[in-house]
Amino acid sequence: MVKKALITGITGQDGSYLTELLLAKGYEVHGIVRRTAAPYRGYLARAAMAADAKLFLHHGDLADAGSIIRLLEKIRPDEVYNLGAQSDVRISFDIPGYTADVTATGVARLLEAIHQLGLPAKFYQASSSEMFGKVREIPQTEVTPFHPRSPYAVAKVYGFWITVNYRESYGLHTSNGILFNHESPRRGENFVTRKITTAVARIKAGQQAKLFMGNIEAQRDWGYAKEYVEAMWLMLQQPHGDDYVIATGETHSVREFLQLAFDHVGLDWQKHVEIDPKFYRPAEVEQLIGNADKAKKNLHWSPKTKFADLVRLMVDADVKLLAESRQ
């Protein structure tokens, strides 16, 4: 019998990679898209056009309980992956109420709908390393206390605990994937890594002179998104729901990312990068580094792509994308 999966946030970076993974495994994939969402990404369209691909998109919104209930009752999925969120940390300071409604309460709406409908669906919640915020220990594990430093991170903490609550209260198969920063050529350009790699491509092509940055000393644990979605799927193949840190165990600064990206195209980053205070967060998260030993042991998952290789593949992709756009 063909398994059905429902994905919120299907048009995003993780949603597209997860869609391709599930289709390759023979799933029937359903995605929720907002009416106001940008046109569907080209890679999602290509996945839909693949031979015998079973991909269906539905209009809905995590802020609207009615649409969630209607779609869950209609589709009756075996697995639900909640990747939808207002995920821009900096913007969450400007729209904290909307961020909470979608990123926090939206999780509760999904879980309550699954519970009320009596669906046996397994549930995945996209949690975030931003929840650790002002870190209490290095590296961070599944039992490290949270200290969120943005409205986005606060909302993700709520999503994490409501997922645990439905598991413990109602026996639902729910899992939190505490994913540390994971990047790819499909990352939105509002995120720092794509902001850098798109700027590198434009500066190399003579279309841009300067790149304005905020805190370049911030340190992050960066992995490859295409590999991280496999961990999401593996969590829902376990006999019981649980919580897992997904990370590389290495930390690198934004400064290092800048240097590698510019070096890759033969440019000196210091000649092109300027610091602008407007890009600083009101409360900064200085150092994130995850310990994924639990995932390695229980899920048999481990990252493969190294930091430097990730930076180079993202730069190459943006250089190619820019060249194709000029043809």
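Cut-offs used in this document
- Residues numbered from 1 in each chain as written.
- Predicted model: local features only at pLDDT ≥ 70, side-chain atom pairs only at ≥ 80, totals over all residues.
- Heavy atoms only, no water.
- Helix = DSSP H or I, 4+ residues; strand = E, 2+ residues; numbered from the N terminus.
- Polar contact = N/O pair within 3.5 Å; in protein donor to acceptor, adjacent residues only side chain to side chain.
- Contact = heavy atoms within 4.5 Å.
- Expected span 1.5 Å × (residues − 1).
- Salt bridge = Lys/Arg side-chain N within 4 Å of Asp/Glu carboxyl O.
- Buried < 20%, exposed > 50% of the residue type's maximum accessible area, 1.4 Å probe, protein only.

A. Quick peek at the side chain of H173. Inspection of the secondary structure assignment puts H173 in the loop between helix 6 (151-170) and strand 6 (174-179). For H173, the side chain forms a polar contact with the main-chain oxygen of Q238, separated by 2.8 Å. In this structure, H173 is in contact with A121, K122, F123, M235, L236, Q238, P239, H240 and G241, ignoring residues within four places of it in sequence.

B. Just unusual backbone geometry, in detail. I138 connects to P139 through a cis peptide bond whose omega is -5 degrees. Tracing the sequence through the fold places P139 in the loop between strand 5 (122-128) and helix 6. In this structure, H300 takes a positive phi of about 55 degrees despite not being glycine.

C. Representation of helix 11 (residues 307-325). Relative to the 27 Å expected for 19 residues at 1.5 Å per residue, helix 11 spans 27 Å between its end C-alpha atoms, a close match to the ideal helical length. For helix 11, the secondary structure elements touched by its buried residues are strand 7 (182-183), helix 7 (192-204), strand 10 (223-224), strand 12 (252-253) and helix 9 (254-264).

D. Up close: the pattern of salt bridges. Under the criterion given, the structure shown has 15 salt bridges. A salt bridge links R255 to E217, with the shortest nitrogen-to-oxygen separation between them at 2.4 Å. One end of the pair, R255, is in helix 9; the other, E217, is in the loop between strand 8 (211-213) and strand 9 (219-220), and 38 residues separate them in sequence. We classify E217 as partly exposed; its relative accessible area is 40%. Connected via shared salt-bridge partners are E189, R194, R202 and D318.

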